Amino acid sequence: MRFIRTKAVVAGLGLALSLAACGDAGSDGGETVDVDVAEDAAAEFEDGTRMKELAEAGTIKIGVKYDQPGIGFKGAADDMPVGFDPEMGKILAANLGIAAEDIEWVETISDNREPFLQEGEVDLVIASYSITDERRAIVGQAGPYYVTGQQLLVRSDSDIESLADVEGTEVCSVTGSTSLENIKAEGAQPRGFDTYSECVDQVLDGTVDAMTTDGAILLGYAAEQPDDLKVVVEPFSEERYGIGYSLDYPEMCEWINETVTASFEDGSWEEAFAVTLGEAGVEAPEQPELDPCPSA
Amino acid sequence: MEAVFSNFDEYLKAFGVTLGLFVVSGLASLVLGTILAVFRVGPVAVMQKVAAVYVTIFRNTPLLMIFIFMAVAMPKLGYNFLWVEDLEVAGYNLSAFFVRSCIALTLYTSAFVCEAFRSGVNAVPLGQAEAARSVGLTFMQSMREVVLPQALRAVVPPLTSVQVALLKNTSVAAAFGMAEATATMRAFTNNDTDQRTGIFLAFAIGYIVLVEVVTLSSYVLERRWKVA
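In the annotation of an unreviewed UniProt entry, the entry for chain B reads Amino acid ABC transporter permease, and the organism field reads Nocardioides euryhalodurans. Checking UniProt for chain B, the heading Subcellular location (unreviewed entry) contains the comment "Cell membrane".

The name that an unreviewed UniProt entry assigns to chain A is Glutamate ABC transporter substrate-binding protein, with the source organism given as Nocardioides euryhalodurans. UniProt, in the comment section headed Sequence similarities (unreviewed entry), describes chain A in these words: "Belongs to the bacterial solute-binding protein 3 family."

Structural data, given as structure tokens:
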């Protein structure tokens, strides 16, 4: 049933996109979903909650990644990041009555997500942010809103077909990432770079044998250069993407979970997926089951 | 810090890579830097120019850019140094990443070594060189026997600063495929986010210890070479 609905959404969007393309020849892809911005949202929330403060302020700072096509990507000349994570951010902001153009996007890299939340540099982090116990000890993570797994991106002519083939090869990812640790455990020589794009370049040059990280990110890159790159092996880890919030505002957890659940039900989650990761040929996954919020 | 103590072998291995980068590029930069310094103070105008241009280029370019050039641009141009992985040194295979990092660090540090040496040569009274030439020594002989030994004594402190800077500069390699101390620290903080402060301190202490070893050995040299 849902499959049919997804297809309908994709088809509908495809039509909408092709129509949009007529009017706006300059931009290809990077279309986003229009979400209904809640009106008078501040009245919905209890006094003293962070949600009310944000709704009254009319702006929210959301940390996303800028170098993951499909998940969170912003080119040098773009005004706004595009991808599944920014779409989720828009859905959450809309629930607070904040329009997409009033969101203040902040680039976060893997390293600074916790400090940014702890210091109030951002209100939310939606940045392919896997839920772990260690992270949950110092920041809040609601969700998951998406579950993916680690895979390998190799050149089209590569011999690597199974996970066992990576032993003794050089595999790159982002410095200090969980993916890099996982692949090291498989016997590969880990090569850390600052950004995924540098890592992809190394694969294309043949300097490293493969790149590894969450399948969704890899498919985004493979979709950009389908002739040169391919994604291999079944996912060999489970990454549950959560939405980070500060532990100073534990009330945000229930609100995030409610908003995400609502987006599951009204189809906006699937729509957000279809126009971002869906473009790269990824099938809409099962809607993940959300973790219950810690009792404050 | 618990995360560090329970993975202490990884901690040591990380500083081992840092030390490897430091020792290889430190020695290489001393050799290249000395040659450049000799060029700069030598009598051949072309060599003076070549060395001066080298120093101007590499001293004025940020190390990060040299790294980007070596690690990102060179492979695009077809020079990926993958052939070094076939070489075997004492049973170990060098990695192309290590070689590229060492080249970047050496190119950068040599410019500073050259200038440190030049300051030492300038500190040797002119009469020394003139006396050496007047007893019939060639330029290379007078450099080797008279000028450089005296210059070396004068440059121990500035040269130490250059090498200490190099030791800390190895951390730039963290972003270019080397699992050295800084990259490993980031892996640790990713795994055990709640112990961020302890992990940071453990790695900062590691760098401090290494730098202190370099500094103390330079003091020993200074004392030994002191003019009586």
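Here the focus is helix α4 (residues 63–76) of chain B. Over its 14 residues, α4 of chain B extends 19 Å from the first C-alpha to the last, a length consistent with the 20 Å expected when each residue adds 1.5 Å. Considering bend angle alone, the principal kink of α4 of chain B is centred on Phe69 of chain B and spans about 35°. For α4 of chain B, the set of buried residues is Leu63, Ile66, Phe67, Met70, Ala71, Val72, Met74 and Pro75 of chain B. The inward-facing, buried residues of α4 of chain B contact α7 (196–205) of chain A together with α3 (45–60), α5 (96–123) and α7 (139–169) of chain B. Where α4 of chain B ends, the next residue or the one after it, Gly78 of chain B, has phi of about 100°, a positive value.

Turning to the nonpolar core, a few remarks are in order. Formed by 109 residues in total, the largest nonpolar core has its most connected members in Tyr145, Met211 and Ile256 of chain A. Top contributing element to this core by residue count: α5 of chain B, with 13 residues. Apart from the residues within four sequence positions on either side, Met211 of chain A is in contact with Gln151, Leu152, Leu153, Val171, Cys172, Tyr196, Cys199, Val200, Val203, Leu218 and Tyr221 of chain A. The next biggest cluster of nonpolar side chains, apart from the first, holds 10 residues, and it includes Val154, Val166, Ile183 and Ala210 of chain A.

Below, the discussion takes up a nonpolar patch on the surface. Residue and element names in this part refer to chain B. Together, Met1, Phe5, Phe8, Leu12, Phe200, Leu201, Ile205, Val209 and Val213 line one region of the surface with nonpolar side chains, adding up to about 840 Å² of accessible area. Those elements that place two or more of their residues in the nonpolar patch are α2 (8–41) and α9 (196–224). At five residues, the largest contribution of residues to the nonpolar patch is made by α9. Tracing the backbone through its elements, the reader meets Ile205 in helix α9. Residue classification places Ile205 among the partly exposed positions, given a relative accessible area of 42%.

Residue and element names in this part refer to chain A. Side chains of Asp34, Asp36, Glu265 and Asp266 sit close together on the surface and give a patch of like negative charge. Locating Asp34 in the fold gives a position in the loop between α1 (2–23) and α2 (50–57). For Asp34, a relative accessible area of 75% translates into the label exposed.

Moving on, we get to the state of the cysteines. All names here are of chain A. One pass over the full model with this rule turns up two disulfides over all chains. A disulfide bridge connects Cys172 with Cys199, and the sulfur atoms are separated by 2.0 Å. A torsion of 100° about the S-S bond marks the disulfide between Cys172 and Cys199 as right-handed. One end of the pair, Cys172, is in strand β8 (residues 170–174); the other, Cys199, is in helix α7, with 27 residues separating them in the sequence. For the pair formed by Cys172 and Cys199, the shared burial category is buried. Cys253 shares a disulfide with Cys293; S-S distance 2.0 Å. Disulfide Cys253 to Cys293: torsion about the S-S bond roughly -95°, handedness left-handed. With Cys253 in helix α9 (residues 252–266) and Cys293 in the segment after α10 (268–275), the pair connects residues that are 40 residues apart, well separated along the chain. The same class applies to Cys253 and to Cys293, which are both buried. With cysteine numbering restricted to those in disulfides and following the sequence, chain A has the pairing 1-2, 3-4.

Before going further, it helps to spend a moment on the interface of chain A and chain B. If you look at the interface, chain A gives 26 residues, while chain B gives 26 residues. Carbon and sulfur atoms supply 45% of the area buried between chain A and chain B, which totals about 2300 Å² over both sides. Counting every contact that joins chain A to chain B gives five salt bridges. Put simply, Asp194 of chain A and Arg186 of chain B hold a salt bridge, and the shortest N to O gap is 3.4 Å. The interface formed by chain A and chain B contains 14 residue pairs in polar contact (both at pLDDT 80 or more). Secondary structure elements with two or more residues in the side of chain A that touches chain B: α4 (113–118), α5 (133–136), α6 (178–185), β9 (189–193) and α7 of chain A. Counted by class, the side of chain A that touches chain B contains six nonpolar, eight polar and 12 charged residues.

The next point concerns the pattern of salt bridges. Residues and elements named next belong to chain A. Inspection of the entire model under this criterion finds 18 salt bridges over all chains. Where Lys52 meets Asp47, a salt bridge forms, and the shortest distance between an N and an O atom there is 3.3 Å. When its relative accessible area of 13% is taken as the criterion, Lys52 is described as buried. Of the charged contacts, one joins Arg50 and Glu53 as a salt bridge, the two residues approaching to 2.7 Å between their closest N and O atoms. Note that Arg50 and Glu53 are positioned in helix α2 at a spacing of three residues, about one turn of the helix. Its relative accessible area of 38% is what places Glu53 among the partly exposed residues.

Attention now moves to the sheet that holds strand β7 (residues 150–155) of chain A. Residues and elements named next belong to chain A. Ordered in space as β9-β8-β10-β7-β11, the five strands form an open sheet in which the pairing is mixed. Two strands lie at the open edges of the sheet, namely β9 and β11 (229–232), each paired on one side alone. Ignoring which end each strand starts from, the neighbouring axes of this sheet average 35° apart. Set on the sheet, helix α8 (residues 215–224) makes contact with β7, β10 (210–214) and β11; between it and β10 the angle comes to about 130°.

How each quantity is defined
- Residues numbered from 1 in each chain as written.
- Chains lettered and ligands numbered in written order.
- Predicted model: local features only at pLDDT ≥ 70, side-chain atom pairs only at ≥ 80, totals over all residues.
- Heavy atoms only, no water.
- UniProt positions renumbered as here; feature names shortened; annotations may be inferred.
- Helix = DSSP H or I, 4+ residues; strand = E, 2+ residues; numbered from the N terminus.
- Expected span 1.5 Å × (residues − 1).
- Bend = angle between axes of the 7 residues up to and from the residue.
- Buried < 20%, exposed > 50% of the residue type's maximum accessible area, 1.4 Å probe, protein only.
- Contact = heavy atoms within 4.5 Å.
- Core = buried A, V, L, I, M, F, W, Y, C linked by side-chain atoms within 4.5 Å.
- Patch = residues over 30% accessible without salt bridge, like charges linked within 9 Å, V, L, I, M, F, W, Y side chains within 5 Å.
- Areas by Shrake-Rupley, 256 points an atom, 1.4 Å probe, with all protein chains shown as cover.
- Salt bridge = Lys/Arg side-chain N within 4 Å of Asp/Glu carboxyl O.
- Lys, Arg positive; Asp, Glu negative; His and termini not counted.
- Charge placed at Lys NZ, Arg CZ, Asp CG, Glu CD.
- Disulfide = S-S within 2.5 Å.
- Buried area = accessible area lost by both parts, 1.4 Å probe.
- Polar contact = N/O pair within 3.5 Å; in protein donor to acceptor, adjacent residues only side chain to side chain.
- Nonpolar A, V, L, I, M, F, W, Y, C, P; charged D, E, K, R; others polar.
- Pairing = 2+ DSSP bridges.
- Axes fitted to C-alpha atoms, helices over the stretch in contact; angles between N-to-C directions.

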